[in-house]
Amino acid sequence: HDAAGKLTGFDVDIATEVSKRLGVQPEFIETQWDGIFAGLNSKRFDTVFNEVSITDERKQKYDFSDPYIVSKAVLIVSEDNNDIKKFADLKGKKAGQSLTSNLTQIAKSNGAEIVATDGFDQAIGLLTSKRVDATVNDGLSYLDLKKQKPDAPIKKVDESPDASHSAAVFNKGSEDLIKEVNKALADMKADGTYLKISEKYFGADVSK
């Protein structure tokens with residue numbers, strides 16, 4: 001929410017612009033992450049714009065629009081750390097990780113000692129206070145933080161080759177609506193509107 005209490009954010013701006021191009025007024029229903037699929041199942045809303053990753057498991061139950069945001073796992077260290085330059089350098093080092101995240105697996109498989117955190121902000125806090133050596137985290141969260149706080153004493157030293165693609169989620173049988181949403185997203189990318197929204201929040205093009 002912004003200072004006036006209005007709902008704000010990348011997904012909100014994208015969904016608002018898509019709605020405008022569909023000639024409808026969006027009604028946003030704020031929902032806890034763990035309740036979004038239940039809400040969709042019970043038709044409380046028509047779609048979810050909340051950076052939901054496209055997975056094979058989810059595709060069995062739901063339909064997705066074309067991806068509108070791409071994220072990669074990145075390796076973040078303190079500005080003055082010159083020992084860790086790639087994921088393999090995590091061997092024997094402490095990594096601050098949220099235990100429920102699949103990003104933790106990357107740190108583990110490279111031999112890091114895992115220090116549990118509640119999420120991105122806490123991991124960065126541990127990093128800047130030198131209580132961990134690194135964190136493997138979401139590239140979008142990193143871009144967002146650097147946009148808000150350019151002076152944050154951290155740097156990105158490596159990123160995974162695999163990207164996670166996120167899209168709008170719909171109940172099965174929404175083909176006509178998905179077709180319209182995909183057209184709106186394609187037009188937004190073509191006419192520069194998407195890039196403007198992307199730069200506003202991340203200072204980069206997050207569509208690729």
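In this report, we go over the structure that sits alongside the text. (Residues numbered from 1 in each chain as written. Predicted model: local features only at pLDDT ≥ 70, side-chain atom pairs only at ≥ 80, totals over all residues. Heavy atoms only, no water.)

**Comments concerning helix α7 (residues 175-190)**
Line of reasoning, step 1. Helix length check: α7 (16 residues) gives 22 Å between terminal C-alpha atoms against 22 Å at 1.5 Å per residue, within 8%.
Line of reasoning, step 2. All buried positions along α7 are accounted for by I178, V181, N182, A184, L185 and M188. The buried residues of α7 all sit within an arc of 160° when viewed along its axis, so they share a single face. Opposite the buried face of α7, by more than 90 degrees, sit the exposed residues D176, K179 and A190.
Line of reasoning, step 3. If you follow the buried residues of α7, they end up packed against α1 (10-22), β1 (47-53), β2 (62-64), β7 (154-171) and α8 (193-202).
Line of reasoning, step 4. G192 sits one or two residues past α7 and shows a positive phi near 90°. (Helix = DSSP H or I, 4+ residues; strand = E, 2+ residues; numbered from the N terminus. Expected span 1.5 Å × (residues − 1). Buried < 20%, exposed > 50% of the residue type's maximum accessible area, 1.4 Å probe, protein only. Arc of directions from axis to C-beta. Contact = heavy atoms within 4.5 Å.)

**Thoughts on the nonpolar core**
Line of reasoning, step 1. Of all hydrophobic cores here, the largest spans 20 residues; its most connected members are F10, I14 and I69.
Line of reasoning, step 2. When residues of this core are traced back to their parent elements, those giving at least two are α1, β7, α7 and α8.
Line of reasoning, step 3. At five residues, α7 tops the list of elements feeding residues into this core.
Line of reasoning, step 4. Setting aside residues up to four positions removed in sequence, I69 forms contacts with F10, E51, L140, S164, H165, S166, Y194, F202 and V206.
Line of reasoning, step 5. Counting residues in each nonpolar core, the second largest holds 12 residues, with A73, L75, L103 and A134 among its members. (Core = buried A, V, L, I, M, F, W, Y, C linked by side-chain atoms within 4.5 Å.)

**A short note on the side chain of S198**
Line of reasoning, step 1. By the secondary structure assignment, S198 is in helix α8.
Line of reasoning, step 2. Judged by relative accessible area, S198 falls into the buried class, the value being 0%.
Line of reasoning, step 3. Setting aside residues no more than four positions away along its own chain, S198 makes contact with F10, G203, A204, D205 and V206.

**Description of the pairing of strand β3 (residues 69-78)**
Line of reasoning, step 1. β3 sits mainly inside the fold: nine of its 10 residues count as buried.
Line of reasoning, step 2. Across nine bridges, the pairing between β3 and β7 is antiparallel. Of the residues in β7, the one forming a bridge with V77 is K155.
Line of reasoning, step 3. Examined bridge by bridge, β3 and strand β6 (residues 134-138) share five bridges and lie antiparallel to one another. The partner of L75 across the bridge, within β6, is V136. (Pairing = 2+ DSSP bridges.)

**Examining the packing of α1 against α7**
Line of reasoning, step 1. Look at α1 against α7: their axes get within 9 Å of each other, and the N-to-C directions meet at 110°. The orientation of α1 relative to α7 falls into the category roughly perpendicular. Pair α1 / α7 crosses with right-handed handedness. Between α1 and α7, the contacting residues are I14, E17, V18, R21 and L22 on the first element and L177, E180, V181, A184, L185, D187 and M188 on the second. (Axes fitted to C-alpha atoms, helices over the stretch in contact; angles between N-to-C directions. Parallel < 35°, antiparallel > 145°, perpendicular 65-115°, else oblique. Left-handed = near helix turned anticlockwise from the far one by under 90°.)

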